[in-house]
Every structure is written in C-alpha cells, then in structure tokens.
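Letter by letter, the chains look like this.
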Amino acid sequence: MTAPRTPSPTPRRRRTFGVYIGRFEPPHAAHLAVMLEALQSVQKLIVVIGSARAARNIKNPFTAEERQDLISRMLQDAGIPKTRVLFVHVRDYHYNEALWLSEVQAGVTAHTRGSSDVALIGHIKDESSYYLRSFPAWEFIPTHVVSDLSATDVRRAYFEGHLDTVHGMVPPAVHAFLTTFQTTPDYRDLRDEYEYLARYRAAWKDAPYPPIFVTTDAVITRSGHVLLVRRGGLPGRGRLAMPGGFLEQKETLLDCCVREVQEETGLGSGLDLKAALRAQAVFDYPDRSLRGRTITHAFHFDLGIGQLPRLSGGSDASDALWMPLSDILASPELFFEDHHAIIEHFVMRG
C-alpha cells in the first residue's frame, strides 16, 4: 500500500467552506491527506459522514459519533484547530437518492447559513464517485492526493487480526482507537460476522456464475405496531428485522412470505394473512446484503385495528415482537441490513 502523495495544488481563491463527503469506515491516512490539502483552500471544512445511524456490521463497523471523534483527533494531532472543522451526519437512502441529497444539502446549509461560497472536495475514481456531480451549486475542487489506500483494505486487515499491518494505513489516533476497540464485545461480534461471511461466500466460490439469492420479507402492521423478529444467528445476530427468508424451489413468493411469517413468529393460525395484503415491492439495491447479491420481494399486510395477536419466536429468530411504529422510525440503528428502509417505504405511503 503506497503512502498518500500530495502534489502542490495550483493556487486559487480561498473558499469560505469546503465539503468533503465519505463514510470514513475508518478514517485512514489518505482521508487525512485530503482534508489537510482541502484546508489550504478553504477557511472551514465541513465533513459529511455517511452511513450514520446504522447498525454495526463489517462494512460499517463504527458509529458516526465515533468516526467524527476520530477525524477531530487526527486533525488536532496535525495542528488543525477544532473551529475549522464542522460535521454533518447523514443516513443511507439507497432507495431514495433525492432524500439523501436533501439531507446532505440541509446539513451543509445549517453550517453555511446561506453562504454560496462553498466548494466540494473529492476525487472521481469510479462509479462510486457519482455523488460529486450531484451538487451543481458547489464548485468542484479535485484533490491532488494520489493513493491506492481504501477503508476496505483497512477493515480486511483489521478483522483478519493484522493490527500491525493497519498501523501503516491509519493515523496514530485511529490506530489507538482500533487497538482499544479490539478488546470490546462489539469487535468480537463483528469478527464472528466477518468469519461467518467469509465461509458463506467460500461455499459458492466454485459456482459457474455469481449466485443471485431471492428472499421474501413481510411488513405486518396492526394498530400502529409492526411485527418484527430479533435475529438469532449470523449475520446480524441480535438485530431487529422483518420476518422473512429464502425462496424455496416449489413455492410462490407470496407463499414463501406467509410460510416464513408463521415459522418465525407463530402468527397465522386461524388468520388469512393473504387477505390482508395491501402492497408489495421489490428491493434490489446491489449491495443491500453482505451475504452477496440478494433480491427481496417485500409484502405489506395490514391487520387493521385491534388487540395485538400473541407471538412465539421460532426458526432462525430468537424472538418475535410487536413494536410501536414511532419507536421503529426513531431507531434505524437497531435494524438488520436495509429492513428499516423497507418498513419506511410501506408505512410512510399513507
């Protein structure tokens, strides 16, 4: 892994605000180099931290608050005053790009207070950099930092137990945090998940084509509550999820969904769930599942108003429960993969 290289930038008018968008999972040496370069061109740098308020997983192992603290510490170690760096936290909205753009713009505007003297900092390296073209009101300032370092490489080394290798990839403040985090139950859970997913993918490595998995999920509402399960196994052990599972060879999508509901929650005895079907949608964001390409067909069942039916966890769910919708909407960080976004899709339709 080559060290970040920063050629001398061409002199230009100094902007009031610069915006740097990333997930920083975790922040590494190239991120620091970009920020230090940007601070030569702007008076204040607004760091937009993505994938906020999401459950920990091996792709997003650290909270937005932890990442903000790490960025603050590594910049302070580099001699940058706190007053020159501002932060915005934004959630992922894979199924609503306009909402993501709006949240970024609103967060930046809260800091700039109407100033139009804003520049967007970044490097267009591949299709994942599309967002750099999504803010036409901000001047784009390309970074001169050249590095092949990526957070993916850092996470791989970290979860494979090579903390010594990570030392050369991240600033000292980040390495100190990773060393401490490695002693926590959260790290042990993430390491278990990393190893599980490695075995899961290895089982399909000899397939003639990359596999595409098909699942179904159920959004079941009753009296302002949504039926949920707490996952009993990996990946996502302990996370809240919709009842659902993989499609079997000789069943329809709807039959699969109903079967999974009955197996995982005990709901269904004497209940015509299909008669309560109100809507359905396909969710196929390519990276929605760390297990591999997984397309889910979600069904919304509305059971109306009345007493909440009794439940019993089963199958691969450790628990089944009814949760008030208000609690769900306020707690995306409790949910597995994109299940919170799928629930929002149906319940926010009115």
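Residues numbered from 1 in each chain as written. Predicted model: local features only at pLDDT ≥ 70, side-chain atom pairs only at ≥ 80, totals over all residues. Heavy atoms only, no water.

Colleague: Any chance you could explain the packing of aromatic side chains here in plain terms?
Modeller: Pairs of aromatic rings are described using the distance from one ring centre to the other and the angle between the two planes. Under the definition given, this model contains 17 aromatic pairs. Ring plane angle 85° and centroid distance 5.1 Å describe the contact between Y95 and F283, whose orientation is recorded as edge-to-face. With a gap of 188 residues between them, Y95 in the loop between β3 (85-89) and α3 (97-112) and F283 in strand β10 (residues 277-283) connect regions that are remote in the sequence. For the pair W100 and F135, a centre-to-centre distance of 6.2 Å together with 55° between the ring planes defines the contact as tilted. With W100 in helix α3 and F135 in the loop between β4 (118-122) and β5 (139-142), this residue pair connects regions lying 35 residues apart in the sequence. Exposure remark for W100: the relative accessible area of 11% places this residue in the buried category. Here a set of aromatic residues connected by ring pairs shows up, and it is made of Y196, Y200, W204, F213 and F246. Here the guanidinium or amino end of R231 rests over the ring plane of F336, the centre of that ring lying 4.1 Å away. (Phe/Tyr/Trp six-rings, centres within 6.5 Å; stacked < 30°, edge-to-face > 60°. Helix = DSSP H or I, 4+ residues; strand = E, 2+ residues; numbered from the N terminus. Buried < 20%, exposed > 50% of the residue type's maximum accessible area, 1.4 Å probe, protein only. Lys NZ or Arg CZ within 6 Å of the ring centre and 35° of its normal.)

Colleague: I keep staring at the pattern of salt bridges and nothing clicks. Help me out?
Modeller: Oppositely charged side chains can form a pair if their charged atoms are brought close together. In total, this model carries 19 salt bridges according to the counting rule given. Of the charged contacts in the structure, one is a salt bridge between R15 and E139, with a shortest N-O distance of 2.7 Å. Here R15 is found in strand β1 (residues 15-22), whereas its partner E139 is found in strand β5, with 124 residues between them in sequence. By relative accessible area, E139 is classed as partly exposed at 27%. Two residues, E333 and R53, come together in a salt bridge whose shortest N-O distance is 3.5 Å. One end of the pair, E333, is in the loop between α9 (325-329) and α10 (339-347); the other, R53, is in the loop between β2 (42-49) and α2 (64-77), with 280 residues separating them in the sequence. For E333, a relative accessible area of 29% corresponds to the partly exposed category. Taking the relative accessible area as the measure of exposure, R53 reaches 40% and is therefore partly exposed. Bridged by salt links that share partners, the residues E248, E251, R259, E260 and E263 form one connected network. (Salt bridge = Lys/Arg side-chain N within 4 Å of Asp/Glu carboxyl O.)

Colleague: Sorry, what's going on with the domain arrangement of the chain here?
Modeller: How big an interface is tends to be reported as the loss of accessible area on association of its parts. With domains assigned, the chain is organised as domain 1 (15-145) and domain 2 (213-348). Each of domain 1 and domain 2 was reduced to a C-alpha centroid, and the two centroids are 34 Å apart. Taken together, the contacts link 10 residues of domain 1 with 16 residues of domain 2. Summed over both partners, the interface of domain 1 with domain 2 comes to about 1,100 Å²; 55% of that surface belongs to carbon and sulfur atoms. Contact with domain 2 buries surface across domain 1, with R53, R91 and Y95 losing the most and accounting together for 54% of the total. Between the two partners, domain 1 and domain 2, sit 2 salt bridges. Remark: the boundary between domain 1 and domain 2 carries 6 residue pairs in polar contact (both at pLDDT 80 or more). Across the side of domain 1 that touches domain 2, the residue classes break down as 4 nonpolar, 2 polar and 4 charged. (Domains from an automatic or database assignment. Contact = heavy atoms within 4.5 Å. Buried area = accessible area lost by both parts, 1.4 Å probe. Polar contact = N/O pair within 3.5 Å; in protein donor to acceptor, adjacent residues only side chain to side chain. Nonpolar A, V, L, I, M, F, W, Y, C, P; charged D, E, K, R; others polar.)

Colleague: I'm lost on the nonpolar core in this one. Help?
Modeller: Soluble, globular proteins show a tendency: their nonpolar side chains are buried together. Among the nonpolar cores identified, the biggest contains 46 residues, and M35, L45, V47, I71 and Y158 are the most heavily contacted of them. Broken down by element, the residue count for this core peaks at 6 residues, all from helix α1 (residues 29-38). Apart from the residues within four sequence positions on either side, M35 is in contact with Y20, F24, L45, V47, I71, M74 and L75. Membership of the second largest hydrophobic core comes to 19 residues, among which are I21, V88, L101 and L132. (Core = buried A, V, L, I, M, F, W, Y, C linked by side-chain atoms within 4.5 Å.)

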